[in-house]
Amino acid sequence: MTRPFVWTLFFMIAGIIIGGQSVSMMHFALFTIIILSALMGYYFKSKIPIVFVLFFLLGNILIANKMQVENEMINQEVNITGVVTDTAYTSSGRQKITVKAECIETEMTQKTKSFKILAILPENETVSLWDTVVLKGTLLPLEKNRIPGGYNESLYLGTRGYHYKIYTEEQTITGQKKTPILCHIYDFKKKIQTVYDTVLPTEKSAILKAMVTGDKDDIDSITRELYAQAGIMHILAISGLHISLISFYIFYILEKFLKCNKRKCSIIVLMCLVFYLFFAGFSPSAIRAVIMIGIGLIGNIFYYESDALNNVAIAATCILLVQPLYLWDVGFQLSFIIVTGILLGSD
């Protein structure tokens, strides 16, 4: 069977979609998948179709796990203890932070499970990255879109791993909890952004920071609209274009000037791409590009020729294994549909 990962991705997507529906539909679909897999196994004289059933079940389990929300704490006054892992600002100038919560307490219960929470602080109140904080306020659910086709906060923030949000009434900084490697990467990123801010006008600095570091917070609404109208909004997102250029130039320098063989070049480029993924953030387009190029580089390391469509399927599978809700993310959909279309059109 050619391109087995394309088939496994298809069945996994089917499992995710149906797993989000009713239980009866899931049982009917599972029965159908088992019959089809048995027929395919008989036709192709292979046991590979059994893997399709397993990936269908895996898709069911993943989406069911992600859709579980503990409702007993919602709309209650809580104390949240955790670490600040990201900071930004709202359009009104209030600081919004990402908190990796280690404990959530209400008057009646205490949860020590890890949660990712979006917290909006009061005006003129700020905290720093890696601060350990105690937040007090009302725990709120992520809102679903009320207008068809409108902004779906639950889906958008859910794909990024958030569980709840909170408008804090009080916040207390209790210390700092730094991760050495991530701190060094973050400091390096900030130094580069500071250079851009120093030598360039505000608008150009914001664009360059988005293209190089993946930070789009400083791009104003007018610039976003101009890029959208011109149909070049994708330039501002870390994607295959950026990853391909980085890979090409590093590989070229290593091979032509430092006289490294292809195997050594591939190892070094792969390490650089993993670093850049941490540096620029884990957007679906960046992850997809790194995985696809990474598989090709691994092929060079082990002297194996890879298939482009299989690489796309492996990349999509890896992303959905981590976050199945990305299946409904427009950026994820366009990223993979466009690349797949290009590959099919070039065959």
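This text goes with the structure placed above it.
Asks: Can you lay out the overall build of the protein for me, pointing to particular residues and giving the numbers?
Replies: A tally of regular secondary structure across the protein gives twelve helices and six strands. Seen through its principal axes, the protein has C-alpha atoms that stretch 65 × 60 × 40 Å. By residue count, 39% of the 347 residues in the protein fall in the buried class. Summarising the internal contacts of the protein: among those between residues at least 6 apart in sequence, 67% fall at separations of at least 24. For the protein, the accessible surface area stands at approximately 20,300 Å², while carbon and sulfur atoms represent 63% of it. Seen as two clouds, the 30 positive and the 27 negative side-chain charges of the protein have centres 11 Å apart.

Asks: Give me a negative patch on the surface: which residues, what numbers.
Replies: A grouping of Glu-77, Glu-107, Glu-169 and Glu-170 is seen on the molecular surface, where their side chains present a negatively charged patch. Tracing the backbone through its elements, the reader meets Glu-77 in strand S1 (residues 77–89). We classify Glu-77 as partly exposed; its relative accessible area is 40%.

Asks: Break down the packing of helix H8 (residues 240–257) against helix H9 (residues 262–280) for me, citing the residues and quoting the values.
Replies: The N-to-C vectors of H8 and H9 enclose an angle of 145°; their axes lie 9 Å apart at closest approach. Viewed along their axes, H8 and H9 form a crossing whose handedness is right-handed. Residues Ile-243, Ile-246, Ser-247, Ile-250, Phe-251, Leu-254 and Glu-255 of H8 form the contact with H9, whose participating residues are Lys-262, Cys-265, Ser-266, Ile-268, Val-269, Cys-272, Leu-273 and Tyr-276. Among the residues making up the contact of H8 with H9, the classes are represented as eleven nonpolar, two polar and two charged.

Asks: So what's going on with the pairing of strand S4 (residues 115–120)? Residues and values would help.
Replies: Within S4, five of the six residues are buried, leaving the element largely enclosed by the surrounding structure. Of the strand pairs in this sheet, strand S2 (residues 95–105) and S4 are connected by six bridges, and their pairing is antiparallel. Its bridge partner lying in S4, Thr-98 is registered against Leu-118. Of the strand pairs in this sheet, S4 and strand S6 (residues 164–176) are connected by four bridges, and their pairing is parallel. By the bridge assignment for S6, Leu-118 is matched with Lys-165.

Asks: Could you give an account of the packing of helix H11 (residues 308–322) against helix H12 (residues 330–346), with specific residues and numbers?
Replies: Relative to each other, H11 and H12 sit at 170°, their axes nearing to 10 Å. With respect to H12, the element H11 is oriented roughly antiparallel. Within the contact between the two elements, H11 uses Ala-308, Leu-309, Val-312, Ala-315, Ala-316, Ile-319 and Leu-320 and H12 uses Phe-332, Phe-336, Val-339, Thr-340, Leu-343 and Leu-344. For the contact of H11 with H12, the per-class residue count stands at twelve nonpolar, one polar and no charged.

Asks: Go over the pattern of salt bridges, please, and point to the residues and values.
Replies: Applying the stated criterion to the full structure yields six salt bridges. Across the pair Glu-102 and Lys-177 runs a salt bridge, and its minimum N-O distance is 3.0 Å. With Glu-102 in strand S2 and Lys-177 in the loop between S6 and helix H5 (180–199), this pair connects stretches of sequence that are 75 residues apart. Taking relative accessible area as the criterion, Lys-177 reaches 47% and is therefore assigned partly exposed. Residue Lys-165 is joined to Glu-143 by a salt bridge in which the shortest nitrogen-to-oxygen separation is 3.9 Å. With Lys-165 in strand S6 and Glu-143 in the loop between strand S5 (131–140) and helix H4 (153–159), the pair connects residues that are 22 residues apart, well separated along the chain. Beyond isolated ion pairs, a larger network of salt bridges with shared partners links Glu-143, Glu-153 and Lys-165.

Analysis parameters
- Residues numbered from 1 in each chain as written.
- Predicted model: local features only at pLDDT ≥ 70, side-chain atom pairs only at ≥ 80, totals over all residues.
- Heavy atoms only, no water.
- Helix = DSSP H or I, 4+ residues; strand = E, 2+ residues; numbered from the N terminus.
- Buried < 20%, exposed > 50% of the residue type's maximum accessible area, 1.4 Å probe, protein only.
- Contact = heavy atoms within 4.5 Å.
- Areas by Shrake-Rupley, 256 points an atom, 1.4 Å probe, with all protein chains shown as cover.
- Lys, Arg positive; Asp, Glu negative; His and termini not counted.
- Charge placed at Lys NZ, Arg CZ, Asp CG, Glu CD.
- Patch = residues over 30% accessible without salt bridge, like charges linked within 9 Å, V, L, I, M, F, W, Y side chains within 5 Å.
- Salt bridge = Lys/Arg side-chain N within 4 Å of Asp/Glu carboxyl O.
- Axes fitted to C-alpha atoms, helices over the stretch in contact; angles between N-to-C directions.
- Left-handed = near helix turned anticlockwise from the far one by under 90°.
- Nonpolar A, V, L, I, M, F, W, Y, C, P; charged D, E, K, R; others polar.
- Pairing = 2+ DSSP bridges.
- Parallel < 35°, antiparallel > 145°, perpendicular 65-115°, else oblique.

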